[in-house]
Amino acid sequence: MIPLIRGFKDILPDETPVWKAIEDTAIAIFQSFGFREIRLPIVEKAELFQRSIGENTDIVEKEMYTFPGSRGEMITLRPEATASVVRAYIQQQLYARDPVQKLYTIGPMFRRERPQKGRYRQFYQISAEVFGIDAPYIDAQLIVLAWTLLERLGVTGLSVQLNSLGCPACRPAFKRALADMLAAGTGGLCADCLRRKDKNPLRVLDCKVPACREVMKDAPSMTDYLCEDCARHFSKVQSSLIRQQIPFVLNPRLVRGLDYYTRTAFEIQTDALGAQNAIAGGGRYDGLVKALDGPEQPAIGFAIGLDRLVELVSQTMPQKPFSPDIFIAAMGEEIQEKAFDWSCALGLAGIKTETDFSGKSLKALMKRADRVGAEHVLIAGSQELEAGVLVLRNMNTKEQVPVPIDGMVNHIKQYLKDYQ
RNA sequence: GUGGGUGUAGCUCAGUUGGCAGAGCACUUGGUUGUGGCCCAGGUGGUCGUGGGUUCAAGUCCCAUCACUCACCCCA
């Protein structure tokens, strides 16, 4: 046997209905909020991610699947969707039609991390991006949208973490203050943080090691350093969320792992999934379109971790087993050909039909019909064939009615209609 | 990349101080000549993750290795 690759997984027929239900719910909500779908390639030039996500991020440094293409250019399996959506916005000149674009996309992402609960090397995201709107209301609306989706799916135990990361005007001052503080005293920091403090000092803020939290207890908070515009923006996001009754907590330690974020950053966390508790996350990235050689347009987006969401929803959503309306039990070799014709006719008529072509004993066929959860069994043996009338058995009531072979599909259609 | 846990039938798992590889479920046949679930009786199914080692004898002890899994890290 050739097994699948580490960190990858099969999504089996018993699980796909939950995926489908989540996707359908998400799509309905996106449409209500004016979003349209965009479908993008799974591979892009490595450079796209290096420039957007940032060279010094874990994703780009060690988690991307990158390989040379036929012309020697480096190609990467996308680790996230935003870069591709921004690329398409620029390359297809969507902004020329209308700078305001509200887009969503669903698909697999790839990161070469060590697999664990809620973390796979191929994982799925639903992501939404809005271009051309800098008003704080759209920030709040995205959070409302994500929250509504989770609520409609019946997910509980969630919290919205909210922070503002400032902008190029005010973030440098904060970074300086943080660097000064770290330079003054680094005693007690873990090895990781000692390494991080120079390269990416913001990351020290969200370290989980208790000693580091203690050291960082009195660290400066970005929200204290926001410039006037950023502060006003952030406050408007909060008041909007309050009006919409979205519960959130301000988390000055919420830092995004991708370099492009500005201003609003948020994450929706669950308490039911172990260590991988982020179910959705995103934020504003006003500088990215310009940085990727596009026009100066603000943007904001978020992504939902579908695998994690599926796990949450599976815990509560009742699983309806797949069961046929009609099970054709055809006894003996010579009737199989008839059974085939009938199964085609019923299937074409839109009746969920299962047929057993094994020619086994009626007992064995009935047993199988029961196992697959058939509502009705169409019994066909030499007697029925001779009489030109089949027997339709209701598996719940055990009632059996005759069904003439002539005009059988209509008879069954009518019967099923009356039955419901 | 680092650490912990687990690998025995399709599934869930027993397996004693080293001594014939098991149970339940599932599958299959029959009890019931052409009627499912429940019950009863039988049957199929194993490279005990893999490779070495110790031993008269290894699922069991030792070494290595692989896989899965949880956690660190990171993130959705």
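Since the model is a prediction, treat every value here as computed from it, not as a measurement.

Caption draft 1: Structural context of the environment of Val 403. Looking at the element boundaries, Val 403 is found in strand β16 (residues 400–404). Separated by 201 residues in the primary sequence, Val 403 and Leu 202 have C-alpha atoms spaced 74 Å apart. Those residues in contact with Val 403 that sit more than four places away from it in its chain are Val 389, Leu 390, Leu 392, Met 408, His 411 and Ile 412.

Caption draft 2: Expanded view of the domain arrangement of chain A. In terms of domain boundaries, chain A breaks down into domain 1 (16–170 + 226–313) and domain 2 (326–419). Each of domain 1 and domain 2 has a C-alpha centre, and the two are 51 Å apart.

Caption draft 3: Main features of the pairing of strand β7 (residues 158–164). Counting buried positions over the 7 residues of β7 gives 6, a clear majority of the element. Of the strand pairs in this sheet, β7 and strand β9 (residues 262–270) are connected by 7 bridges, and their pairing is antiparallel. Bridge assignment links Asn 163 to a residue of β9, and that residue is Ala 265. In the sheet, β7 pairs with strand β8 (residues 248–250) via 3 bridges, with the strands oriented parallel.

Caption draft 4: Quick peek at the packing of aromatic side chains. For the structure shown, the criterion picks out 11 aromatic pairs. Summarising the aromatic geometry, the rings of Tyr 89 and Phe 131 are spaced 4.1 Å apart at their centres and angled 10° between planes, so their arrangement reads as stacked. Of the two residues, Tyr 89 sits in helix α4 (residues 82–91) while Phe 131 sits in strand β6 (residues 122–131), which places them 42 residues apart along the sequence. Of the two residues, Tyr 89 and Phe 131, neither departs from the other in class, the shared state being buried. Three or more aromatic residues link up through ring pairs in this structure, and these residues are Phe 8, Tyr 65 and Phe 110. A cation over an aromatic ring shows up here: Lys 9 above the ring of Tyr 120, its NZ or CZ 4.1 Å from the ring centre.

Caption draft 5: Looking closely at the packing of helix α2 (residues 46–53) against α4. Where α2 contacts α4, the axes come no closer than 10 Å and their chain directions differ by 105°. As summarised for this structure, α2 and α4 are arranged roughly perpendicular, according to the angle between their axes. Packed against α2, whose contacting residues are Leu 48, Phe 49 and Ser 52, the element α4 presents Ala 83, Ser 84 and Arg 87 at the interface. The residue inventory of the contact of α2 with α4, partitioned by class, reads 3 nonpolar, 2 polar and 1 charged.

Caption draft 6: Quick peek at a positive patch on the surface. Residues Lys 360, Lys 363, Lys 367 and Arg 371 make up a contiguous surface patch of positive charge. With respect to the helices, strands and loops of the structure, Lys 363 is situated in helix α16 (residues 362–371). Judged by relative accessible area, which is 66%, Lys 363 ranks as exposed.

Caption draft 7: Spotlight on α2. Restricting attention to buried positions, one finds in α2 the residues Ala 46, Leu 48, Phe 49, Ser 52 and Ile 53. Seen end-on, α2 carries its buried residues on one side only, within an arc spanning 160°. Just downstream of α2 lies Gly 54, where phi reads positive at about 115°.

Caption draft 8: Geometry of the pattern of salt bridges. Counted by the stated rule, this structure contains 16 salt bridges. Between Lys 290 and Glu 296 there is a salt bridge, with the nearest N and O atoms lying 3.7 Å from each other. Arg 368 is paired through a salt bridge with Glu 354; the nearest N and O atoms lie 3.1 Å apart. Pair noted here: Arg 368 is in helix α16 and Glu 354 is in strand β13 (residues 353–356), with a separation of 14 residues, a long-range link. In this structure Glu 354 comes out as partly exposed when scored by relative accessible area, which is 26%. Residues participating in the shared-partner salt-bridge network are Glu 47, Arg 51 and Asp 293.

Caption draft 9: The arrangement of a nonpolar patch on the surface in detail. A surface patch of nonpolar side chains, about 210 Å² in accessible area, is lined by Ile 42, Val 43 and Phe 67. Among the structural elements, Ile 42 can be located in the loop between β1 (36–37) and β2 (43–45).

What counts, and where the lines are drawn
- Residues numbered from 1 in each chain as written.
- Chains lettered and ligands numbered in written order.
- Predicted model: local features only at pLDDT ≥ 70, side-chain atom pairs only at ≥ 80, totals over all residues.
- Heavy atoms only, no water.
- Helix = DSSP H or I, 4+ residues; strand = E, 2+ residues; numbered from the N terminus.
- Contact = heavy atoms within 4.5 Å.
- Domains from an automatic or database assignment.
- Buried < 20%, exposed > 50% of the residue type's maximum accessible area, 1.4 Å probe, protein only.
- Pairing = 2+ DSSP bridges.
- Phe/Tyr/Trp six-rings, centres within 6.5 Å; stacked < 30°, edge-to-face > 60°.
- Lys NZ or Arg CZ within 6 Å of the ring centre and 35° of its normal.
- Axes fitted to C-alpha atoms, helices over the stretch in contact; angles between N-to-C directions.
- Parallel < 35°, antiparallel > 145°, perpendicular 65-115°, else oblique.
- Nonpolar A, V, L, I, M, F, W, Y, C, P; charged D, E, K, R; others polar.
- Patch = residues over 30% accessible without salt bridge, like charges linked within 9 Å, V, L, I, M, F, W, Y side chains within 5 Å.
- Areas by Shrake-Rupley, 256 points an atom, 1.4 Å probe, with all protein chains shown as cover.
- Salt bridge = Lys/Arg side-chain N within 4 Å of Asp/Glu carboxyl O.
- Lys, Arg positive; Asp, Glu negative; His and termini not counted.
- Charge placed at Lys NZ, Arg CZ, Asp CG, Glu CD.
- Arc of directions from axis to C-beta.

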